[in-house]
Amino acid sequence: MEAIIRPSADLRNHYNEISKQCREDRTPVIITVNGRGDTAVLGYQEFCQMKSELELLRNLAEAEEDVRSGRTTSMKDTFADIRATLEARRG
């Protein structure tokens with residue numbers, strides 16, 4: 001994903017253009033202050049996707065750690081626990 005670099009004045013003077021670019025092209029815009037990267041602007045859809053992907057990666061890392069540490073159970077036992085929990089809620 002190639003980012004576009006714009007000075008901070010553009011954020012104030014050309015916000016609609018930057019916003020449209022982020023939404024339609026799904027391209028991040030890096031805002032610079034004194035020539036150095038300061039802020040990244042993303043479209044909301046892109047932000048949500050990145051957040052979901054990060055959450056998935058964290059869950060996978062946690063699952064891998066559970067397997068390495070031996071914190072696992074059989075599927076049969078897991079489903080039995082789920083059934084018991086659901087039955088307890090109903091009754």
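In case you missed it, the structure is sitting above this.
Notes on the structure follow.

Thresholds, definitions, all that
- Residues numbered from 1 in each chain as written.
- Predicted model: local features only at pLDDT ≥ 70, side-chain atom pairs only at ≥ 80, totals over all residues.
- Heavy atoms only, no water.
- Salt bridge = Lys/Arg side-chain N within 4 Å of Asp/Glu carboxyl O.
- Buried < 20%, exposed > 50% of the residue type's maximum accessible area, 1.4 Å probe, protein only.
- Helix = DSSP H or I, 4+ residues; strand = E, 2+ residues; numbered from the N terminus.
- Pairing = 2+ DSSP bridges.
- Axes fitted to C-alpha atoms, helices over the stretch in contact; angles between N-to-C directions.
- Patch = residues over 30% accessible without salt bridge, like charges linked within 9 Å, V, L, I, M, F, W, Y side chains within 5 Å.
- Areas by Shrake-Rupley, 256 points an atom, 1.4 Å probe, with all protein chains shown as cover.
- Arc of directions from axis to C-beta.
- Contact = heavy atoms within 4.5 Å.

1. Notes on the pattern of salt bridges
Phase 1 of the analysis: Counted by the stated rule, this structure contains five salt bridges.
Phase 2 of the analysis: Between Asp10 and Arg6 there is a salt bridge; the shortest N-O distance is 2.8 Å. Judged on exposure class, the residue Asp10 and its partner Arg6 are both buried.
Phase 3 of the analysis: In this structure, Glu17 and Arg6 form a salt bridge, with 3.1 Å as the shortest nitrogen-oxygen distance. Here Glu17, found in helix 2 (residues 15–25), pairs with Arg6, found in strand 1 (residues 4–7); they are 11 residues apart in sequence, far enough to count as distant.
Phase 4 of the analysis: For Arg6, a relative accessible area of 10% gives the class buried.

2. Remarks on the sheet that holds strand 1
Phase 1 of the analysis: In space, the three strands of this open sheet follow the order 1-2-3, with mixed pairing throughout. Edge positions in the sheet fall to strand 1 and strand 3 (36–41), since each of these pairs with one other strand and no more. Taken over all neighbouring pairs, the strand axes of this sheet differ in orientation by 35° on average, direction set aside.
Phase 2 of the analysis: When strand 1 meets strand 2 (residues 29–33), the two strands line up parallel, connected through four bridges. From the neighbouring strand, Ile5 faces strand 2, where its bridge partner is Ile30.

3. Quick word on a nonpolar patch on the surface
Phase 1 of the analysis: On the surface, Met75, Phe79, Ile82 and Leu86 cluster together into a nonpolar patch covering about 390 Å² of accessible area.
Phase 2 of the analysis: Looking at the secondary structure, you find Met75 in helix 4 (residues 75–90).
Phase 3 of the analysis: Met75 sits in the exposed class, given a relative accessible area of 61%.

4. Some thoughts on helix 2
Phase 1 of the analysis: Along helix 2, the positions that sit buried rather than exposed are Ile18, Ser19, Gln21 and Cys22. End-on view of helix 2: buried residues confined to an arc of 160°, all on one side of the axis. Exposed residues pointing more than 90 degrees away from the buried face of helix 2 are listed as Asn16 and Glu24.
Phase 2 of the analysis: Turning to helix 2, the residues buried within the fold contact strand 1, helix 1 (8–13), strand 2 and strand 3.
Phase 3 of the analysis: Among the residues trailing helix 2, Arg26 stands out with phi positive, at a value near 55°.

5. Re the pairing of strand 2
Phase 1 of the analysis: Two strands pair when backbone bridges link them, and strand 2 and strand 3 are joined in this way by five bridges, in the antiparallel orientation. Directly across from Val29, in strand 3, lies its bridge partner Val41.

6. Some words on unusual backbone geometry
Phase 1 of the analysis: With a phi angle near 55°, Arg26 is a residue other than glycine that sits in the positive phi range.
Phase 2 of the analysis: Among the secondary structure elements, Arg26 is positioned in the loop between helix 2 and strand 2.

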